[in-house]
Amino acid sequence: MAESNQHPEHHKLIEYANGPSLEEINGTVEIPKGGNFWKNLLAFSGPGALIAVGYMDPGNWVTSIGGGAEYGYLLMSVILISSLIAMLLQYMAAKLGIVTRMDLAQATRAHTGKKLGFVLWITTELAIMATDIAEVIGGAISLKLLFGIPLMIGVALTVLDVFVLLLLTKLGFRKIEAIVVTLILVILVVFIYQVALAQPDMAAAFANLVPRKEIFEPGQLHMALGIVGATVMPHNLYLHSSIAQTREFDRNNEADVAKAIKYTTWDSNIQLTAAFVVNSLLLLVGAALFFGKDTSQLGTFGNLYNALQDPKMAGSVASPVLSVLFAVALLASGQNSTITGTLTGQVVMEGFIHMKMPLWARRMVTRIISVIPVLICAIMYRGKESALDALLVNSQVFLSIALPISMIPLTIFTGSKKIMGERFVNHKWVTILAWVCTIGLTILNAQIVWESVKGLF
């Protein structure tokens, strides 16, 4: 293996790839041979943070805050259920990678074929680009809010984050994990502070963690579908099945494999709990500050920024500090998505079509393609933020299409004794629950696609 890394063709821009998932970082992080629970948990902690990023990206913000502003604390249970579904799916994705030594894209390609693999790759790439569009828009808007940079220039500047990623790849995967955790903490602290100032009715919030029948009324249900759709992301399943393999342990020893699954699941669930807290905080901010007011003015990041410093909207706690902190958190969220989106792009490219390129090149290609529709939209509508927000919402349709494509094979593979082995195959109740979630989310996403298509006519 060491010799192949020294092969002169290794420096080509595009190479054939059919080895371990993300070979450069696969099995590179050492873990203790023995150690207590906390020492092992620390060693396995990190991949969960990269996954949690997808559950608190800019696409979640408007839906969670809007849900609180429009319906108070009613949709708290929807955020909880979304998070529990995420925990189940991410557990299965990580387990697939650890047990089979293949990420979800590689496993799907191995059990389908070249032609179908290509179609699945294109669909998944579109979903990744849809996520990237959300990040471009979030990043450009946060630069405008913080520094007054015009949207079109801000969109162009987001291309430069490729150099940030290039620097990060030189630091090692463990340091990338640490940076992501730091940015998550920034987001968490900002919204804890905002919620503390807003003083929401916590009794009502906790009471609404139990689902209520009012959720199924048309307006509430539409918002609930938006929250779930913005929460569960297909690219996270591919990414987790790959980066769960970054730890170094004996893959042929069942006890070591079981240990890796155990601590990776702990890591994932802890980080997804943090994502649940962030999304809950977003809803609490919306409910405490804006419920009962004119919510038609809260549909964009810029409007939310302005509302947080407007006493008519946010009441006595309104201040420019709240607005600036909101924009800083938005920028941090976008930078986190830069890292995870690029890694996922490489995973699906290698897995589905056995092609690879350096991460910086991969980032540049994806980002330039994603920037084009945003720039066109910004030019056509003369930099109006509302137009970019509409593009962000429409881009999420690709995520709705791609989710079943990742969930269905994941559920099949992890429920197969032939693929997972006697010890690591899903328990029957896990498989049943996974199918319920898969079928439910597929119907839900079909509804989102239908609503989006219907809205065009």
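A quick note: this is a predicted structure, and the numbers were derived from the prediction, not measured.

Peer 1: Talk me through the overall build of the protein chain; I want residue IDs and the actual numbers.
Peer 2: Tallying secondary structure elements over the protein chain gives 21 helices and four strands in all. Burial analysis of the protein chain (457 residues in total) assigns 57% to the buried set. Across the protein chain, contacts joining residues at least 24 apart in sequence account for 82% of those joining residues at least 6 apart. Carbon and sulfur atoms provide 68% of the accessible area of the protein chain, an area that totals close to 19600 Å².

Peer 1: Please set out the pattern of salt bridges residue by residue, giving values where relevant.
Peer 2: Following the criterion strictly, the structure yields four salt bridges and no others. In this structure, Arg-247 and Glu-177 form a salt bridge, with 2.9 Å as the shortest nitrogen-oxygen distance. Of the two residues, Arg-247 is situated in strand β3 (residues 247-248) and Glu-177 in helix α10 (residues 173-198); the sequence distance between them amounts to 70 residues. Glu-177 matches Arg-247 in its accessibility class, with the two residues each being buried. Here Arg-212 and Glu-214 are joined by a salt bridge, their closest N and O atoms 3.4 Å apart. With relative accessibility at 38%, the residue Arg-212 sits in the partly exposed group. Look at Glu-214 and you get partly exposed, because its relative accessible area is 26%.

Peer 1: How would you sum up α10? Please name residues and give values.
Peer 2: Along its 26 residues, α10 runs 38 Å from first to last C-alpha, staying within 8% of the 38 Å computed at 1.5 Å per residue. For α10, every residue scored as buried is listed here: Phe-173, Ile-176, Glu-177, Val-180, Ile-184, Ile-187, Leu-188, Val-190, Phe-191, Gln-194, Val-195 and Ala-198. Remark: Gln-199 follows α10 within two positions and exhibits a positive phi of approximately 50°.

Peer 1: Tell me about the packing of aromatic side chains, and name the residues and values.
Peer 2: What the rule picks out here adds up to seven aromatic pairs. Measuring from centroid to centroid gives 5.8 Å for Phe-44 and Tyr-263, while their planes differ by 15°, and the two rings are stacked. On the criterion of sequence distance, the pair formed by Phe-44 in helix α2 (residues 37-44) and Tyr-263 in helix α14 (residues 254-290) is long-range, its members being 219 residues apart. The class for Phe-44 is buried, based on a relative accessible area of 2%.

Peer 1: Describe the confidence of the model for the protein chain, and please don't skip the residues or the numbers.
Peer 2: Across the protein chain, the average pLDDT comes to 81, with 87% of residues at 70 or higher. Taken together, the stretch residues 1-11 has pLDDT below 50 and engages in four contacts with residues farther than four places along the chain or on a different chain.

Peer 1: Go over the environment of Ile-51 with me, naming the residues and quoting the values.
Peer 2: Within the secondary structure, Ile-51 sits in helix α3 (residues 47-53). Separated by 224 residues in the primary sequence, Ile-51 and Ala-275 have C-alpha atoms spaced 9.5 Å apart. Apart from the residues lying within four places of it in its own chain, the contact partners of Ile-51 are Gln-90, Asn-236, Leu-239, His-240, Ile-243 and Leu-272.

Peer 1: Could you give an account of the nonpolar core, naming the residues involved and the relevant values?
Peer 2: In summary, soluble globular proteins display a tendency toward joint burial of nonpolar side chains. One finds Trp-61, Leu-75, Phe-191, Phe-290, Phe-326 and Leu-441 to be the most contacted residues of the largest nonpolar core, which totals 132 residues. Here the element with the most residues in this core is α14; it accounts for 16 residues. With near-sequence residues (within four places) excluded, Trp-61 lies in contact with Met-56, Gly-66, Ile-187, Phe-191, Leu-282, Phe-301, Phe-326, Ala-329, Leu-330 and Ser-333. In terms of nonpolar packing, the next biggest core, distinct from the first, is built from five residues, Ala-127, Ala-130, Met-233 and Ala-402 among them.

Peer 1: Go over the side chain of Ser-83, please, and point to the residues and values.
Peer 2: Along the chain, Ser-83 falls in helix α5 (residues 76-100). Residue classification places Ser-83 among the buried residues on the basis of a relative accessible area of 7%. Among the polar contacts made by the side chain of Ser-83, one reaches the main-chain carbonyl oxygen of Ile-79 at a distance of 2.9 Å.

Peer 1: Run through a nonpolar patch on the surface, naming residues and quoting values.
Peer 2: On the surface, Ile-368, Ile-372, Ile-376, Met-380 and Tyr-381 cluster together into a nonpolar patch covering about 500 Å² of accessible area. Topologically, Ile-368 is positioned in helix α18 (residues 359-380). Among the residues examined, Ile-368 registers a relative accessible area of 40% and is labelled partly exposed.

Peer 1: Describe in detail the side chain of Ser-268, supporting the description with residues and values.
Peer 2: Within the element layout of this structure, Ser-268 appears in helix α14. Accessibility expressed as a relative area gives 1% for Ser-268, which makes it buried. Ignoring sequence-local partners within four residues, the contact set of Ser-268 consists of Gly-48, Gln-90 and His-240.

Peer 1: I'd like a rundown of the packing of α2 against α14, residues and numbers included.
Peer 2: Interaxial distance between α2 and α14 falls to 9 Å at its minimum, and their mutual angle equals 75°. Classified by the angle their axes make, α2 and α14 are roughly perpendicular. Taking contact as the criterion, the partners of Phe-37, Asn-40, Leu-41 and Phe-44 in α2 are, on α14, Lys-259, Ala-260, Tyr-263, Thr-264, Trp-266, Asp-267 and Ile-270. Taken together, the residues of the contact of α2 with α14 sort by class into seven nonpolar, two polar and two charged.

Peer 1: Outline the environment of Pro-234, listing residues and values.
Peer 2: Note that Pro-234 resides in helix α13 (residues 234-243). What makes Pro-234 buried here is its relative accessible area of 2%. Sequence spacing of Pro-234 and Ser-406 is 172 residues, and the spatial spacing of their C-alpha atoms is 6.1 Å. In contact with Pro-234, other than residues within four places in its own chain, are Ala-127, Leu-399, Ala-402, Leu-403 and Ser-406.

Peer 1: How would you explain unusual backbone geometry if you had to name every residue and give the values?
Peer 2: Even without glycine at this site, Arg-101 takes up a positive phi of about 65°. Relative to the helices and strands, Arg-101 resides in the loop between α5 and α6 (104-110). Of note, Gln-199 is a non-glycine position whose phi angle comes to about 50°, a positive value. As for its placement among the helices and strands, Gln-199 is situated in the loop between α10 and α11 (202-207).

Peer 1: Describe the environment of Met-92, and please don't skip the residues or the numbers.
Peer 2: Summarising the element assignment, Met-92 is placed in helix α5. Relative accessible area serves as the criterion here: at 0%, Met-92 is assigned to the buried category. Here the alpha-carbon distance between Met-92 and Thr-411, two residues 319 residues apart in the chain, equals 7.7 Å. When sequence neighbours within four positions are dropped, the list of residues in contact with Met-92 reads Leu-410, Thr-411, Thr-414, Asn-426, Val-430 and Ala-434.

Rules used in this analysis
- Residues numbered from 1 in each chain as written.
- Predicted model: local features only at pLDDT ≥ 70, side-chain atom pairs only at ≥ 80, totals over all residues.
- Heavy atoms only, no water.
- Helix = DSSP H or I, 4+ residues; strand = E, 2+ residues; numbered from the N terminus.
- Buried < 20%, exposed > 50% of the residue type's maximum accessible area, 1.4 Å probe, protein only.
- Contact = heavy atoms within 4.5 Å.
- Areas by Shrake-Rupley, 256 points an atom, 1.4 Å probe, with all protein chains shown as cover.
- Salt bridge = Lys/Arg side-chain N within 4 Å of Asp/Glu carboxyl O.
- Expected span 1.5 Å × (residues − 1).
- Phe/Tyr/Trp six-rings, centres within 6.5 Å; stacked < 30°, edge-to-face > 60°.
- pLDDT = per-residue confidence, 0-100.
- Core = buried A, V, L, I, M, F, W, Y, C linked by side-chain atoms within 4.5 Å.
- Polar contact = N/O pair within 3.5 Å; in protein donor to acceptor, adjacent residues only side chain to side chain.
- Patch = residues over 30% accessible without salt bridge, like charges linked within 9 Å, V, L, I, M, F, W, Y side chains within 5 Å.
- Axes fitted to C-alpha atoms, helices over the stretch in contact; angles between N-to-C directions.
- Parallel < 35°, antiparallel > 145°, perpendicular 65-115°, else oblique.
- Nonpolar A, V, L, I, M, F, W, Y, C, P; charged D, E, K, R; others polar.

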